[in-house]
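Each chain, letter by letter, is given below.
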Amino acid sequence: MLDIKIIRENPGLVKKAMDNRHESSAIIDDILRIDTDRRQNISKLDGLRQERKTISSTEREKAQERGRALREEIQAMEEEVNKLDAQMQDLLLQVPNIPQSDVPLGKDDTENVTVRTWGEPKKLNFKALPHWELGEKLDIIDFERGVKLSGTRFYVLKGMGARLQRALIAYFLDLHTNEQGYREIYPPFMVKRECMVGAGQLPKFAENIYHDAEEDYWFVGTAEIPLTNLHRDEILNADDLPIHYCAYTPCFRREKMSAGKDTRGIKRGHQFDKVEMYKFVTPETSEEELEKLTRNAEDTCQKLGLAYRVRVLCTGDIGFAAVKTYDIDVWSPGCEEWLEVSSCSNDADFQARRTNVRYRPTPDAKPQFVHTLNGSGLGLPRTLIAVMENYQQPDGSIAVPEVLQKYVGAKVIK
RNA sequence: GGAGGGGUCGCAUAGUGGUCUAGUGCGGUCGCCUGCUAAGCGAUUUCCCUGGGAAACCGGGGACGAGGGUUCGAAUCCCUCCCCCUCCGCCA
């Protein structure tokens, strides 16, 4: 959510940002209109309330008649202001963040800019198999039984397949906590409705979320949701910042996609695992923190020996809440594509304003919004795919990357 | 799931229809004093919206778990919901 003051004082800037995102900016004029209307009504309402206050404390019985009339006027005016508040809120929630000035202009993902690469995309001197074939041959991925249990886009990891995934999770968490300065969090995987609103999932993406109607619990689609809400409605001390969290969660996403290249294998299921990194920082440090966050995610890929590229997303592809985003894609020789394993974003104060997370720069200063950042470290099924396909051997076995060997308890999966 | 108790300013508490402009203590902040520290003394101390102002600040309104209601007037009375505590039941 943007600060209404920015929209009020500089609507051109906001419209321009929306144009760059290739989104209609018509909504801004609606917001300006409602803003004016709302403030006029608030002014009237405050006047009426002031009169009520005076009357009821000075004139008592005499004032009863005027008081009754006032009550009705106030109620009507309150209704009007509430309505405008709700409309305003609803519209503000639909305005995307303003991309940072160094974000490249572009219409869609074809215009993202590769800022650096690491390693050489692996070329195997034998025919590389895609993970769905490797997985079945080694009996570590079972697609049919996944479908038997839960339907399309579910799978079962078995034996060393399950073990390899667990090893990756444990390794990521250990790396983030022991070497990169993050604090591990084990959050709930189901949260209340208001957390979904705070994290920006509701109301817009309701159809993508699994939800228990009876208890009104919502299943998280990413650890970002509980982490964002962890400090909701809190005022943090300046010396609490920065806060660096990481968390493993399963992620549940309903998104209906037609079968095809994008959903082949285990690339995109309704349930997947992810380790997420999340930061609460002071505004003046967030740009730099994004660079560090991205380096942490890259470091994770490097330690696994996976070649990758880092791309800065252009204005047409960057997410709704972000001012700047880097995607990290690792090369996977079996399915022959770059797999997005991490997306690192600086949301600035956009999410903090929704969730009302503030801090006090000095003990007696006014509270102001923190900046938040999030990044995958890393997304699992895809990292699993990349490891399987990059480390496959001519005999169909999979060598275990060195850093994972102690977690897997083996040097090769066969 | 059942019975009872409770949610007030960072923490602890007072407040049972107008004197609440929410008091007090602790903590915090600033100052004074004490050659350090502790203690003492004095002042200050929530957040949101809104108007004015470059700002410091000033004026108005709102918020006592949330939302409704009663009333000229609600922290206080009524209703619904949420959360916490104690006991019972159930349970990995």
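Above this note sits the structure.
Just so it is clear, the structure is predicted and the values come from calculations on it, not from any experiment. (Residues numbered from 1 in each chain as written. Chains lettered and ligands numbered in written order. Predicted model: local features only at pLDDT ≥ 70, side-chain atom pairs only at ≥ 80, totals over all residues. Heavy atoms only, no water.)

1. Describing the pairing of strand β13 (residues 337-348)
- Counting buried residues along β13, nine of its 12 residues qualify, which places the element largely inside the surrounding structure.
- Here strand β12 (residues 324-332) runs beside β13; their pairing, made up of nine bridges, is antiparallel. If you follow I328 over to β13, its bridge partner there is S342.
- Hairpin connection between β12 and β13: a loop of four residues separates the two successive antiparallel strands, and E336 in this loop has a positive phi of roughly 55 degrees.
- By the bridge criterion, four bridges tie β13 to strand β16 (residues 371-379) in an arrangement that is antiparallel. Bridge pairing links S345 to N374 in β16. (Buried < 20%, exposed > 50% of the residue type's maximum accessible area, 1.4 Å probe, protein only. Helix = DSSP H or I, 4+ residues; strand = E, 2+ residues; numbered from the N terminus. Pairing = 2+ DSSP bridges.)

2. Things to note about the sheet that holds β13
- Ordered in space as β1-β11-β12-β13-β16-β10-β9-β4, the eight strands form an open sheet in which the pairing is mixed. In this open sheet, the two edge strands, each paired with only one partner strand, are β1 (113-118) and β4 (183-185). Here the average twist between neighbouring strands, direction ignored, is 25 degrees.
- Sheet analysis places β4 next to strand β9 (residues 243-252), joined by three bridges and oriented parallel. Bridging from a neighbouring strand, R183 pairs with Y245 of β9.
- Here helix α7 (residues 160-178) sits on the sheet in contact with β4, β9, β10 (271-281) and β16, set at roughly 5 degrees to β10. (Axes fitted to C-alpha atoms, helices over the stretch in contact; angles between N-to-C directions. Contact = heavy atoms within 4.5 Å.)

3. Overview of the environment of I398
- Mapping I398 onto the fold places it in strand β17 (residues 398-399).
- In this structure, the C-alpha to C-alpha distance between I398 and Y171, residues 227 residues apart in sequence, is 18 Å.
- When near neighbours in sequence (up to four residues on either side) are disregarded, I398 contacts L138, I140, V387, M388, Y391, Q392, K411, V412 and I413.

4. Description of the protein's contact with RNA strand B
- The local shell around RNA strand B holds 18 residues, among which D46, S56, R68, R358 and R360 are the closest.
- Each atom of RNA strand B within 4 Å of the protein was assigned to sugar, phosphate or base; sugar and phosphate come to 74%.
- In the environment of RNA strand B, a sugar or linking oxygen lies 2.8 Å from a nitrogen or oxygen atom belonging to the side chain of D46.
- Secondary-structure elements contributing two or more residues to the surface near RNA strand B are α3 (26-58), α4 (64-92) and β14 (358-360).
- Sorting elements by how many residues they give to the surface near RNA strand B places α3 first, with nine residues.
- Taken together, the residues of the surface near RNA strand B sort by class into two nonpolar, four polar and 12 charged. (Near = heavy atom within 4 Å. Polar contact = N/O pair within 3.5 Å; in protein donor to acceptor, adjacent residues only side chain to side chain. Nonpolar A, V, L, I, M, F, W, Y, C, P; charged D, E, K, R; others polar.)

5. Regarding the sheet that holds strand β7 (residues 217-219)
- Read from one edge of the open sheet, three strands run β5-β7-β6, paired in antiparallel fashion. Edge positions in the sheet fall to β5 (190-192) and β6 (211-212), since each of these pairs with one other strand and no more.
- Pairing between β6 and β7: two bridges, direction antiparallel. In the strand pairing of β7, D212 is matched with Y217.

6. Details of the pairing of strand β11 (residues 308-312)
- Counting buried positions over the five residues of β11 gives five, a clear majority of the element.
- Every second residue of β11 is oriented toward a common face, with Y308, V310 and V312 on one face and R309 and R311 on the other, all of them buried.
- Judged from the five bridges that link them, β11 and β12 form a sheet pairing that is antiparallel. Considered in β12, the bridge of R309 is made with D329.

7. Brief notes about helix α2 (residues 11-20)
- Among the residues of α2, V14, A17, M18 and N20 are the ones counted as buried. Each buried residue of α2 sits inside an arc of 160 degrees when the element is viewed along its axis, so together they form one side.
- At the exit of α2 stands H22, carrying a positive phi of roughly 60 degrees. (Arc of directions from axis to C-beta.)

8. A look at the packing of aromatic side chains
- Scanning all chains against the criterion turns up nine aromatic pairs.
- Ring geometry for Y171 versus Y407: centroids 5.9 Å apart, planes at 70 degrees, classification edge-to-face. Taken together, the positions of Y171 in helix α7 and Y407 in helix α13 (residues 402-408) put the pair 236 residues apart, joining distant regions of the chain.
- Given the relative accessible area of 7%, Y171 is considered buried.
- Aromatic ring contacts, followed pair by pair, group Y171, F172 and Y407 into a single cluster. (Phe/Tyr/Trp six-rings, centres within 6.5 Å; stacked < 30°, edge-to-face > 60°.)

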